[in-house]
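# Structural characterization, general
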Amino acid sequence: MSARQAYFTSATFVFLRDLSRNNRKDWFDPRKNRYEAEVRGPALRFIEAAAPGLAKISSQVIADPRPLGGSLMRVYRDVRFARDKSPYKTNVGIGFGHRRGRDGAAPGYYLHLTAEPGADNFSGGGIHMADTATLNRVRDAIVDDTASWKRATGGAKFRASQELGGDALKNPPKGYPADHPMVEDLKRKGFFAHAKYTQAQVCDPGFLDLFLENCRTEAPMMAFLAAAVGADW
């Protein structure tokens, strides 16, 4: 068990809410110190604290607490090709990626915090928004070893805390049987499980332990996905 410590506080969510209402450079710049203290700093400390627990799950998962180029995603939006020219992201995004990096598709973990009305705080793991070749490698693995996929995603603990999400095709992908027992999974455009959190859970001293427990629950699925795409786990 990790040391129980609250990393995120209500101030984190107040700042995100204020930023959502005032998504402008002239508002953000005078409050950058507040962003550092209430959002960025807590997120970097969380990443550093999560590293040992994630390493026990898989040596391939990277938890990088560097302020730039690490696991914490930049607050600045890329608006070059976007209709929405709002300059800042109004959520905290933390990607615990696979050591494979850009050398090929591989599963990773992610944490998302937001104060947007109707949006969820969540963490998850898997391969999100994959290309067709990667999707088909996972689909082939599900067809070839359906029992292992069922064990990885169908256990009581997994079903109690996780939800397989993402977009899906309306019909089975070409070349895959429509009567396959896991046909709904074969339709998926990504293979990603997630668990939702309330703000109170995120701000609780036990949140790191809860996050790591969800990562452990997802680990058999992550191992299956890694093997399907030829990545270490």
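The following refers to the structure shown. (Residues numbered from 1 in each chain as written. Predicted model: local features only at pLDDT ≥ 70, side-chain atom pairs only at ≥ 80, totals over all residues. Heavy atoms only, no water.)

## Re the packing of helix 3 (residues 32-57) against helix 9 (residues 207-228)
Put simply, the rule is: The axes used here are C-alpha line fits, helices contributing only the stretch in contact, and every angle between their N-to-C directions lies in the interval 0 to 180 degrees. The way it works is that DSSP assigns letters per residue, a run of H or I at least four long becomes a helix, a run of E at least two long becomes a strand, and they are numbered from the N terminus. In what follows, roughly perpendicular refers to angles from 65 to 115 degrees, roughly parallel to angles under 35, roughly antiparallel to angles over 145, and oblique to any angle outside these ranges. A clockwise turn of the near helix away from the far one marks a right-handed crossing, whereas an anticlockwise turn of less than a right angle marks a left-handed crossing. By definition in these notes, contact holds between two residues if any of their heavy atoms fall within 4.5 Å.
At a minimum axis distance of 10 Å, the contact between helix 3 and helix 9 shows a crossing angle of 30 degrees. In this view, helix 3 runs roughly parallel relative to helix 9, as classed from their interaxial angle. Here helix 3 runs over helix 9; the crossing is right-handed. Contacts between helix 3 and helix 9 involve Phe46, Ala49, Ala50, Gly53, Leu54 and Ile57 from the former and Phe207, Leu208, Phe211, Leu212, Cys215, Arg216 and Ala219 from the latter.

## Some points on helix 3
What counts, and what does not: Helix span is expected to be 1.5 Å times the residue number reduced by one. Each residue is assigned a bend, namely the angle between axes fitted to the seven residues that terminate at it and the seven residues that start at it.
A rise of 1.5 Å per residue sets the reference length of helix 3, with its 26 residues, at 38 Å; its end C-alpha atoms lie 35 Å apart and thus fit the reference within 8%. The sharpest bend along helix 3 measures roughly 40 degrees and falls at Ala51, with the proline Pro52 sitting one to four residues further on.

## Some remarks on the packing of aromatic side chains
Selection rule: Aromatic contacts are taken between Phe, Tyr and Trp rings whose centres are within 6.5 Å, Trp giving its six-membered ring; a plane angle under 30 degrees counts as stacked, one over 60 as edge-to-face, and the others as tilted. Only protein chains enter the accessibility calculation, which uses a 1.4 Å probe; a residue is then buried when its area is under 20% of its type maximum, exposed when over 50%, and partly exposed in between.
According to the stated counting rule, one finds 17 aromatic pairs in the structure shown. Relative to Phe28, the ring of Phe15 lies with its centre 6.4 Å away and its plane at 70 degrees, an arrangement referred to as edge-to-face. Note that Phe15 is positioned in helix 1 (residues 10-21) and Phe28 in helix 2 (residues 25-28), a separation of 13 residues in sequence. By the burial criterion, Phe15 is buried, and Phe28 matches it. Relative to Phe211, the ring of Phe46 lies with its centre 5.4 Å away and its plane at 65 degrees, an arrangement referred to as edge-to-face. Of this pair, Phe46 sits in helix 3 while Phe211 is found in helix 9, placing the two residues 165 residues apart along the sequence. The pair Phe46 / Phe211 is uniform in exposure class, with both members buried. Among the aromatic side chains, those forming a connected cluster through ring pairs are Tyr7, Phe8, Phe46, Phe96, Tyr197, Phe207 and Phe211.

## Focus: the sheet that holds strand 4 (residues 163-165)
Backbone-to-backbone hydrogen bonds pair the strands of a sheet. The strands run either parallel or antiparallel. Formally: At least two bridges found by DSSP between two strands is the condition for calling them paired.
In space, the five strands of this open sheet follow the order 1-2-3-5-4, with antiparallel pairing throughout. Either end of the sheet is taken by a strand with one partner, and the two such strands are strand 1 (91-96) and strand 4. Ignoring strand direction, the axes of neighbouring strands in this sheet form an average angle of 25 degrees. Inspection of the sheet shows strand 4 paired to strand 5 (residues 191-197) by three bridges, in the antiparallel sense. Opposite Gly165, over in strand 5, you have Phe192 as the bridge partner. Against the sheet, helix 9 touches strand 1, strand 2 (108-114), strand 3 (121-127), strand 4 and strand 5, its axis set at about 20 degrees to strand 3.

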